[in-house]
Amino acid sequence: MFIGTQVFLFLCTVIGSAILLDYSTMNSSIQPLIRETMLRFIVTSEHPHSSAALKLIQESIGCCGADGPNDYMMMRQPLPLECRDTVTGNAFFNGCVNELTWFLEDKSIWAAIMAMILAAVHALRREEEAMNRR
């Protein structure tokens, strides 16, 4: 029973890591959600919550709109200062969907690796404890 539980927990870690990697890479199922949220923020940018979220994302990541500065133009919204490089004044070319996906991809790989290592160490430690009891 103990070994079965350990195998089950290890498999859960592997499956969880695979799901994490799937939801954080290019062309994943999280990209449409990010796109929809960014476009909703642009449409409702007159609200303080939406404006603050857009400012935070676009300044921190260095992106503009969901797919680029054309999102603002198509919605007849002015291009905010957060969409511009502070040095050159040019609009950021990349949209926030791709930039956030690249950001999450980098972080999720490390999270998946750490989860796998911790699961392996935990399993080895439990196996060692079981061997010492005999």
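Residues numbered from 1 in each chain as written. Predicted model: local features only at pLDDT ≥ 70, side-chain atom pairs only at ≥ 80, totals over all residues. Heavy atoms only, no water.

Within an unreviewed UniProt entry, the label attached to the protein chain reads Tetraspanin, and the organism entered is Anopheles dirus. The Subcellular location (unreviewed entry) field of the UniProt record for the protein chain holds the comment "Membrane". (UniProt positions renumbered as here; feature names shortened; annotations may be inferred.)

**A word on the environment of Thr-86**
With respect to the element layout, Thr-86 can be found in the loop between α4 (70-74) and α5 (96-133). Note: C-alpha distance between Thr-86 and Glu-99 (13 residues apart in sequence) is 18 Å. (Helix = DSSP H or I, 4+ residues; strand = E, 2+ residues; numbered from the N terminus.)

**Description of the pattern of salt bridges**
Throughout the structure, instances matching the rule amount to 2 salt bridges. Between Arg-35 and Asp-67 there is a salt bridge, and its shortest N-O distance comes to 3.0 Å. Taken together, the residues Arg-35 in helix α2 (residues 31-43) and Asp-67 in the loop between α3 (48-61) and α4 connect sequence positions 32 residues apart. Here Arg-35 falls in the partly exposed class, since its relative accessible area comes to 30%. Given a relative accessible area of 45%, Asp-67 falls into the partly exposed group. In this structure, the salt-bridge partner of Arg-40 is Glu-36, at a minimum N-O distance of 3.6 Å. One end of the pair, Arg-40, and the other, Glu-36, are both in helix α2, 4 residues apart, so they sit about a helical turn from each other. (Salt bridge = Lys/Arg side-chain N within 4 Å of Asp/Glu carboxyl O. Buried < 20%, exposed > 50% of the residue type's maximum accessible area, 1.4 Å probe, protein only.)

**Quick look at the packing of α3 against α5**
Two elements in contact, α3 and α5, have axes whose closest approach is 11 Å; the angle formed by their N-to-C orientations is 65°. By crossing handedness, the relation of α3 to α5 is classed as left-handed. Contacts between α3 and α5 involve Ile-57, Gln-58 and Ile-61 on the former and, on the latter, Cys-96, Glu-99, Leu-100 and Phe-103. Across the contact of α3 with α5, the residue classes break down as 5 nonpolar, 1 polar and 1 charged. (Axes fitted to C-alpha atoms, helices over the stretch in contact; angles between N-to-C directions. Left-handed = near helix turned anticlockwise from the far one by under 90°. Contact = heavy atoms within 4.5 Å. Nonpolar A, V, L, I, M, F, W, Y, C, P; charged D, E, K, R; others polar.)

**With respect to α3**
With 14 residues, α3 should reach 20 Å at 1.5 Å per residue; the first-to-last C-alpha distance of 20 Å fits that figure. Within the sequence span of α3, burial applies to Ser-50, Ala-53, Leu-54, Ile-57 and Gln-58. Viewed end-on, α3 has its buried residues packed into an arc of 115°, placing them on one side of the element. Relative to its buried face, α3 has exposed residues pointing more than 90 degrees away, namely Pro-48, His-49, Leu-56, Glu-59 and Ser-60. Next to the buried residues of α3 lie α2, α4 and α5. (Expected span 1.5 Å × (residues − 1). Arc of directions from axis to C-beta.)

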